Amino acid sequence: MSFSNIPPNAFSILASLLGIGIANNLDLNEQNSLGNFLEAVGQSILTVNGQEQLQQALEDKKKQNEQLKLQIEILQKQIQYLKGQIEE
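Described below are features of the structure shown in this document. (Residues numbered from 1 in each chain as written. Predicted model: local features only at pLDDT ≥ 70, side-chain atom pairs only at ≥ 80, totals over all residues. Heavy atoms only, no water.)

Let's talk about the overall build of the protein
Link 1 in the chain: When its secondary structure is counted, the protein shows two helices and zero strands.
Link 2 in the chain: The C-alpha radius of gyration computed for the protein amounts to 27 Å, which surpasses the reference 12 Å derived for 88 residues by more than 25%, pointing to a less compact arrangement than a globule.
Link 3 in the chain: Taking all 88 residues of the protein together, the buried fraction comes to 1%.
Link 4 in the chain: Looking at the protein as shown, the accessible area adds up to about 8100 Å², and 59% of this sits on carbon and sulfur atoms.
Link 5 in the chain: Separation between the mean location of the 6 positive side-chain charges and that of the 10 negative ones in the protein comes to 16 Å. (Helix = DSSP H or I, 4+ residues; strand = E, 2+ residues; numbered from the N terminus. Rg over C-alpha atoms; globule rule 2.2 N^0.38 Å. Buried < 20%, exposed > 50% of the residue type's maximum accessible area, 1.4 Å probe, protein only. Areas by Shrake-Rupley, 256 points an atom, 1.4 Å probe, with all protein chains shown as cover. Lys, Arg positive; Asp, Glu negative; His and termini not counted. Charge placed at Lys NZ, Arg CZ, Asp CG, Glu CD.)

Describing the packing of aromatic side chains
Link 1 in the chain: Scanning the model with the defined rule gives one aromatic pair in all.
Link 2 in the chain: Between the aromatic rings of phenylalanine 3 and phenylalanine 11, the centroid separation amounts to 5.9 Å while the plane-to-plane angle is 70°, which identifies the pairing as edge-to-face.
Link 3 in the chain: Using a relative accessible area of 38% as the deciding quantity, one classes phenylalanine 11 as partly exposed. (Phe/Tyr/Trp six-rings, centres within 6.5 Å; stacked < 30°, edge-to-face > 60°.)

Topic: a nonpolar patch on the surface
Link 1 in the chain: Among the surface-exposed residues, Phe3, Phe11, Leu14, Leu18 and Ile22 lie close enough to one another that they form a single nonpolar patch of about 490 Å² accessible area.
Link 2 in the chain: Mapped onto the secondary structure, leucine 14 falls in helix α1 (residues 8-23).
Link 3 in the chain: Using a relative accessible area of 35% as the deciding quantity, one classes leucine 14 as partly exposed. (Patch = residues over 30% accessible without salt bridge, like charges linked within 9 Å, V, L, I, M, F, W, Y side chains within 5 Å. Salt bridge = Lys/Arg side-chain N within 4 Å of Asp/Glu carboxyl O.)

Everything listed here is a matter of geometry and, on its own, says nothing about what the molecule does.
Laid out in structure tokens, this is it:
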């Protein structure tokens, strides 16, 4: 089973249960240390994801611009053709 297949509410409940279960077996300093570590892991995952989203958005924008340029070229050719038809 993949994390992506777990419904959002169940995923949140699972995280809460795991956090409480782990915390009950640790003293205050261990809770603080492990909590900070897991926060750092989460932040790293979000940083990687953010950079990947940015790069994908830039690539999508580039493809969109290329498609627009192609459409402009087609329209320019059609305009030239129509001008030629009018002049005949």
